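# Report on the structure
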Amino acid sequence: MDLIKNTDIKFVSRKKVFYLISGLIILIGIISLLGQGFNFGIDFAGGTLIQLDFEEQVNVTVAEIRNVLADINLASSTIQSLSNNEFIIRIAQIELQEREKIFASLQERIGPFQVLRIEMVGPIIGQALKRLAFLAIIFAFIGIIVYITIRFQFSYALASIIALGHDVLVALGILSIVRKEITIPIIAAILTIVGYSLNNTIVIFDRLRENLKLKLRSPLAEIVDLSINQSLSRTINTALTTLLPILALYFFGGTLSDFAFVLLVGITVGTYSSICIAGPMLWDIKSKTQKTKKNINQVRKNVPEQAVKPPKKRIVKK
Amino acid sequence: MKQLRLFRLAFVILVVGLALFYVFPLDKNINLGLDLQGGSHIVLECVDSPHAPVDSDAVNRVVEIITNRINPEGVKEPVIQRQGERRILVQLPGMDDPQEAEKLIGKTALLEFKDESGQTLLTGAYLKNAKTSYDRFGRPNVILEFNEEGAKLFEQATVRNVGKILAITLDGHEISAPVVQEPIPSGEASIVGQFTLEEAQRLALLLRSGALPVEVRILENRSVGPTLGKDSINRGLKAGIVGLFLILIFMVIFYKGFGLVADLALLICLLLIMGGLAILNATLTLPGIAGIILTIGMAVDANILIFERIKEELQMDKTFRASIEAGFSKAFRTILDANVTTLIAAIALLYFGSGPIRGFAVTLSIGLAASMFTAIVVTKLILELIGQHFTKNALV
């Protein structure tokens, strides 16, 4: 079965539509970021997280827990209901004694429960983690630029990084809009998106590099379109096979649901940017720097003689 | 050529065999992180207070004291480690109650000196140091040093109790019951008795452990009960199995015979990931499970790249064998570049990540390596073996 067969979509000439769509989404994300910022989890903001499981016979609602906490001056806590009797409570950083006071009040006024998880992160650790997360993303970007520049050219690296920046901005914007908590696993998910989206972009650029050697006389825009179309079936199928287990993780993963959500968004956006942004962006960079001819010739010069043989049959029907 | 293929076949069988050998039984060979088996990860920092500034010795003593408090609790493989100048890492696997660890560390053991009537005469708060030494007959003893105020109190206590027992208790348990020989005004006393050197050292340590020498603050505490850990494993397994089946079916629908080959490669890849975790003695965490599930999806990518290329070659009317050869050589560079770039992101995580996230980076990296190996070696081998027996489009 083939979902996509011998397509001939003109990506480069439609780039304005793509840029406009992406620009709008990023703009909305940035407005949200400036307006309400991120909802930092305790990993970065510091604080205490308590996960409780009330015993079966206990009937309890979020409002009841909030009332109990309000009476011991912890009204500003967030309470999240996980499943019927499981709750996550997030509070400011508190000491052991204060925590025991919470447990005593809950036990007395609501009923018996089991403590499933306690996390406490002080402000010093939170700050350090923020710095590390930032460094990890920067380090990954630099590593990627260097690798692509070595394996391809700097213009390819630049186009990839723009597509990646696009993915990260869209993902962060959506995280800000839906108020998902930024935790360490979320940062890991964003870095995974970076790796994944790049993977797709590289596959297309690799095809482009190969086609540049084969098709000496076609204009660059046509070769870019051809390369994207040739890789399209693979790009879509790979995105689908990657999304399948992540969907499973989203529905069954419990505390990993948020992580899976970011991956779902990111992989969709990453696939879109690899197809619709990276290629046209490369074309833009190459034609704007006006060295297009020279660069292509450089690539061609490096090609060994037998590789320049034209293919026996054109794959794309016109 | 044929011999080379036999050699490769033997190599694949060897690798798969090794992985099988190392992986099973799963529960013994795969280390579970604290978030999956339950346990506590706590980072402490020693802080200066007006009476007790932090020095290197004080931090070491805190480590010693916490070790002493934890050892009798029967925790399996605890880690109590100094980190840098003032920080201490405490990891306690398998604690039943997430509350317990902090209580254990935070508790101030109370050291008391009691007379025969059971009245407390002075406490460990006045004790400056306790160490082992030898008396003039070469017998090991324990030297106590009190601070100024303690010296006065100790003098009074000894004056009133000459010839009587002055019991030393830690949290109410008697750890030593020496008899006072004479009044001691200097603030320095020695406990003599029938000690072996080891017993004396242990007593000195217990005495020193009375209270933490400096103020200690908890910077980070991540404690998970065993129920939640088990629940996480079950959820991860369920998501993994469902995801795996969806992909296995997807590949057969979209790639037919090639899909079956990819499915076999995927199962081998999964086995190699688990084998890699076992051999590297890596720790599987909850994000680590997510990494494996993600890798399952990405692992078939290399196969898809190869099959798409082979299909293109077949469309150019090449023979099946020639198409396999050409498809592989064209897909190889793409697979390499695509995976190396993902690996760069994984290494960034490995380097900067902490705890569970490192687990994610580890499974992702192992997964990338395993998927490249299975695509380039295993898939190729299977296709070549099929290509020997069928001439054209056997799998399409």
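The structure displayed is predicted, hence computed values, not measured ones.

### Describing the overall build of chain B
- When its secondary structure is counted, chain B shows eleven helices and 13 strands.
- Taken over the C-alpha trace, chain B has a radius of gyration of 32 Å; the compact-globule value for 396 residues is 21 Å, which it surpasses by more than 25%.
- Classification of the 396 residues of chain B by burial places 45% in the buried group.

### Brief notes about the overall build of chain A
- Broken down by element type, chain A carries ten helices and six strands.
- Within the span of chain A, comprising 318 residues, buried residues form 42% of the whole.

### Some thoughts on the interface of chain A and chain B
- Each partner contributes residues to the interface: chain A has 59 residues there, and chain B has 62 residues.
- Contributions of two or more residues to the side of chain A that touches chain B are made by strand S5 (113-121), helix H5 (123-151), helix H7 (184-214), helix H8 (220-252) and helix H9 (257-288) of chain A.
- Broken down by class, the residue content of the side of chain A that touches chain B amounts to 37 nonpolar, 15 polar and seven charged.

### Structural notes on helix H9 (residues 286-315) of chain B
All names here are of chain B.
- In this model, H9 (30 residues) spans 45 Å end to end at C-alpha, consistent with the 44 Å of a helix rising 1.5 Å per residue.
- When the local axis directions of H9 are compared, the greatest deviation, roughly 30 degrees, occurs at Ile296.
- When you tally the buried positions in H9, you get 28 out of 30 residues, the bulk of the element.
- Note on H9: the residue one or two positions beyond its end, Asp317, has a positive phi of about 65 degrees.

### Here we look at the sheet that holds strand S12 (residues 215-224) of chain B
- Taken in spatial order, the eight strands make up an open sheet running S3(A)-S4(A)-S2(A)-S5(A)-S12(B)-S2(B)-S4(B)-S3(B), and their pairing is antiparallel. Of all the strands in the sheet, the pair left with one neighbour each is strand S3 (78-83) of chain A together with strand S3 (79-83) of chain B. Between one strand axis and the next, the sheet turns by 20 degrees as a mean value, whatever way the strands run.
- Here five bridges tie S3(A) to strand S4 (residues 86-91) of chain A, and the two strands are oriented antiparallel to one another. For A:Gln80, the partnering residue across the bridge sits in S4(A) and is A:Ile88.
- Where H5(A) meets the sheet, its contacts fall on S5 of chain A together with strand S2 (39-47) and S12 of chain B, and the angle it forms with S12(B) comes to roughly 60 degrees.
- Contacts from helix H4 (residues 56-70) of chain B reach S2, S3, strand S4 (87-93) and S12 of chain B within the one sheet, and its direction differs from that of S3(B) by about 170 degrees.

### Things to note about unusual backbone geometry
- Of note in the backbone geometry, A:Arg179 takes a positive phi value of approximately 60 degrees without being a glycine.
- Within the fold, A:Arg179 resides in the loop between helix H6 (154-177) and strand S6 (181-182).
- Look at A:Arg179 and you get exposed, because 10 C-beta atoms sit within 10 Å.
- Backbone geometry places B:Asn281, a non-glycine residue, at a positive phi of 60 degrees.
- Structurally, B:Asn281 can be placed in the loop between helix H8 (226-279) and strand S13 (283-284).

### A word on helix H4 (residues 96-109) of chain A
- Between its first and last C-alpha atoms H4(A) spans 20 Å; for 14 residues at 1.5 Å apiece the expected length is 20 Å, and the two agree.
- Positive phi shows up at A:Gly111, right after H4(A), with a value of about 155 degrees.

### Observations concerning the packing of H5(A) against H6(A)
Residue and element names in this part refer to chain A.
- As a packed pair, H5 and H6 sit with axes 7 Å apart at the nearest point and diverge in direction by 145 degrees. Between H5 and H6 lies a crossing whose hand is right-handed. Residues Phe141, Ile144, Ile145, Ile148 and Thr149 of H5 form the contact with H6, whose own contacting residues are Phe154, Tyr156, Ala157, Ser160 and Ile161.
- Taken together, the residues of the contact of H5 with H6 sort by class into eight nonpolar, two polar and no charged.

### Structural notes on the domain arrangement of chain A
- Domains assigned within chain A are domain 1 (15-40 + 125-308) and domain 2 (47-121).
- Computed over C-alpha atoms only, the centres of domain 1 of chain A and domain 2 of chain A are separated by 41 Å.

### A look at the nonpolar core
- Core analysis: the biggest nonpolar cluster contains 132 residues, and A:Ala140, A:Leu191 and B:Leu349 have the highest contact counts within it.
- Ranked by residue count, the leading element in this core is H8(B), at 19 residues.
- Excluding residues within four positions of it along the chain, B:Leu349 makes contact with A:Ala136, A:Ala188, A:Leu191, B:Ile357, B:Phe360 and B:Ala361.
- Counting 38 residues, the second-largest nonpolar core is a separate cluster that includes A:Ile91, B:Ile66, B:Ile88 and B:Val216.

### Details of the domain arrangement of chain B
- Parsing chain B into structural domains produces domain 1 (2-35 + 225-389), domain 2 (39-100) and domain 3 (111-208).
- With centres defined by C-alpha atoms, the gap from domain 1 of chain B to domain 3 of chain B works out at 65 Å.

### Some thoughts on the sheet that holds strand S7 (residues 127-134) of chain B
All names here are of chain B.
- Taken together, the three strands give an open sheet; going across it, the order is S7-S8-S11, and neighbouring strands pair in antiparallel fashion. Only two strands of the sheet have a single neighbouring strand rather than two, namely S7 and strand S11 (188-191). When the angles between neighbouring strand axes are averaged without regard to direction, this sheet yields 25 degrees.
- Bridge count between strand S8 (residues 140-146) and S11: four bridges; the pairing is antiparallel. In the sheet register, Glu145 faces S11, and the bridge partner there is Glu188.

### What to know about the packing of H7(A) against helix H10 (residues 320-352) of chain B
- Closest axis-to-axis distance for the H7(A)/H10(B) pair is 8 Å, and the angle between their directions is 160 degrees. With respect to their mutual orientation, H7(A) and H10(B) come out roughly antiparallel. Here H7(A) and H10(B) pass one another in a crossing that is right-handed. Within the contact between the two elements, H7(A) uses A:Ala188, A:Leu191, A:Thr192, A:Val194, A:Gly195, A:Tyr196, A:Leu198, A:Asn199, A:Ile202, A:Val203 and A:Asp206 and H10(B) uses B:Arg333, B:Thr334, B:Asp337, B:Ala338, B:Thr341, B:Thr342, B:Ala345, B:Ala346, B:Ala348 and B:Leu349.
- Tallied by class, the residues present in the contact of H7(A) with H10(B) amount to twelve nonpolar, six polar and three charged.

### Describing the pairing of S2(B)
Residues and elements named next belong to chain B.
- The buried fraction of S2 amounts to eight of the nine residues, a majority that puts the element mostly inside the structure.
- In terms of strand pairing, S2 meets S4 through seven bridges, oriented antiparallel. Considered in S4, the bridge of His41 is made with Gln91.
- When S2 meets S12, the two strands line up antiparallel, connected through nine bridges. Counted as the bridge partner of His41 is Arg222 from S12.

### Quick word on the confidence of the model for chain B
- On average, residues of chain B score 82 in pLDDT, and 92% of them are at 70 or above.
- On the interface metric, ipTM, the complex scores 0.77, and its pTM is 0.76.

### Topic: the environment of B:Lys380
- One can find B:Lys380 in helix H11 (residues 355-389).
- Between the alpha carbons of B:Lys380 and B:Ile306 there is a distance of 9.2 Å; along the sequence they are 74 residues apart.

Parameters and conventions
Every chain's residues receive numbers from 1 upward, in the order its sequence appears when written. Numbering of ligands from 1 and lettering of chains from A proceed in the order in which they are written. Restriction of local features to residues with pLDDT of at least 70 applies here, the model being predicted, together with a cutoff of 80 or more for giving and counting side-chain atom pairs; totals for whole chains, interfaces and linings are based on all residues. Strands are runs of DSSP state E lasting at least 2 residues, helices are runs of H or I lasting at least 4, and numbering of each runs from the N terminus. Only C-alpha atoms enter the radius of gyration; for comparison, a globular chain is expected to reach 2.2 Å times N to the power 0.38, where N is the number of residues. Residues are called buried when their C-beta atom has 20 or more other C-beta atoms within 10 Å, exposed when it has 12 or fewer, and partly exposed otherwise; all C-beta atoms are positioned from the backbone. Distance between backbone-placed C-beta atoms decides contact: two residues are in contact if it is within 7 Å. Each residue receives one of three labels: charged for Asp, Glu, Lys and Arg, nonpolar for Ala, Val, Leu, Ile, Met, Phe, Trp, Tyr, Cys and Pro, and polar for the others, Gly being one of them. An expected span of 1.5 Å times one less than the residue number is assigned to each helix. Fitting axes to the seven residues ending at a residue and to the seven starting there, one defines the bend at that residue as the angle between these axes. In short, DSSP must find at least two bridges between two strands for them to pair. As a rule, the C-alpha atoms of each element are fitted with a line to give its axis, helices using only the stretch in contact, and angles between N-to-C directions run from 0 to 180 degrees. If you view the pair so one helix is near and one far, a crossing is left-handed when the near helix is turned anticlockwise from the far one by less than a right angle, and right-handed when it is turned clockwise. What fixes the domain bounds is an automatic or database domain assignment. By convention in this section, buried Ala, Val, Leu, Ile, Met, Phe, Trp, Tyr and Cys residues joined through C-beta atoms within 7 Å make up a nonpolar core. Oblique is the label for any angle not under 35 degrees, not over 145, and not in the 65 to 115 range, which are roughly parallel, roughly antiparallel and roughly perpendicular in turn. One number per residue, pLDDT, summarises how confident the predictor is, and it ranges from 0 to 100.

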